[in-house]
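# Geometric and topological summary
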Amino acid sequence: MTASDLLWLVGFPAIVAAVLAGVLLLLHGRGWSGRRLVLTASLPLPSLGALSCVGLFVHATLSPPERCGVDACGMVAVFAMFGLAYAAGAFLLGAAAAAGIVHLSRRQ
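Attention here is on the structure that accompanies the text.

Cut-offs applied
- Residues numbered from 1 in each chain as written.
- Predicted model: local features only at pLDDT ≥ 70, side-chain atom pairs only at ≥ 80, totals over all residues.
- Heavy atoms only, no water.
- Helix = DSSP H or I, 4+ residues; strand = E, 2+ residues; numbered from the N terminus.
- Buried < 20%, exposed > 50% of the residue type's maximum accessible area, 1.4 Å probe, protein only.
- Contact = heavy atoms within 4.5 Å.
- Areas by Shrake-Rupley, 256 points an atom, 1.4 Å probe, with all protein chains shown as cover.
- Core = buried A, V, L, I, M, F, W, Y, C linked by side-chain atoms within 4.5 Å.
- Arc of directions from axis to C-beta.
- Phe/Tyr/Trp six-rings, centres within 6.5 Å; stacked < 30°, edge-to-face > 60°.
- Lys NZ or Arg CZ within 6 Å of the ring centre and 35° of its normal.

With that settled, the discussion passes to the overall build of the protein. Of the regular secondary structure elements, the protein holds 5 helices and 0 strands. With respect to the principal axes defined by its C-alpha atoms, the protein has extents near 60 × 30 × 15 Å. Taking all 108 residues of the protein together, 26% fall into the buried category. A separation of at least 24 residues holds for 73% of the contacts in the protein among residues at least 6 apart in sequence. For the protein, the accessible surface area stands at approximately 7,200 Å², while carbon and sulfur atoms represent 74% of it.

Time to look at the nonpolar core. Counting 9 residues, the largest nonpolar core consists of Ala 18, Leu 25, Leu 26, Leu 37, Val 38, Ala 41, Ala 95, Ala 98 and Val 102. Where this core is concerned, the elements lending two or more residues are α1 (3–28), α2 (34–42) and α5 (72–107). Residues contacting Leu 25, with those up to four places away along its chain left out, are Trp 32, Leu 37, Thr 40 and Ala 41.

A separate point is α2. Within the span of α2, buried status applies to Leu 37, Val 38, Ala 41 and Ser 42. Projected onto a plane normal to the axis of α2, the buried residues spread over an arc of 105° and lie on a single side.

Let's shift gears to the environment of Ala 18. Looking at the secondary structure, you find Ala 18 in helix α1. The exposure class of Ala 18 is buried, given its relative accessible area of 1%. Ala 18 sits 49 residues away from Arg 67 along the chain, and the two C-alpha atoms are 39 Å apart. When neighbours within four sequence positions are excluded, Ala 18 is seen to be in contact with Ala 41, Ser 42, Gly 94 and Ala 98.

Under the defined criterion, the tally for this structure stands at 0 aromatic pairs. In this structure, Arg 36 is placed above the aromatic ring of Trp 32, and the distance from its NZ or CZ to the ring centre is 4.2 Å.

Bear in mind that shape data such as this cannot, by itself, settle questions of function.
Below, the structure is given as structure tokens:
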């Protein structure tokens, strides 16, 4: 699996979720500023991924060495760090998509 495959796996659902949340917030969140709409629409899906990665990282670093085996906890910690990077990228992609939706709706 390449990095572009992972970007499609992580980025596409984040973009779709941000667009759907942006449309719903535009319909029901009257009076909200554009920044608040964009941040609220792009936050839910990447935050779930980031929270699970933080949990994995904390669990891996607090595990005793006899439970880890041959550096398994180190591999889990590295995976969690990469997951956090992908969650940050998914947030940025979702924010860009939500900003586009907010800009297009306010233009009309």
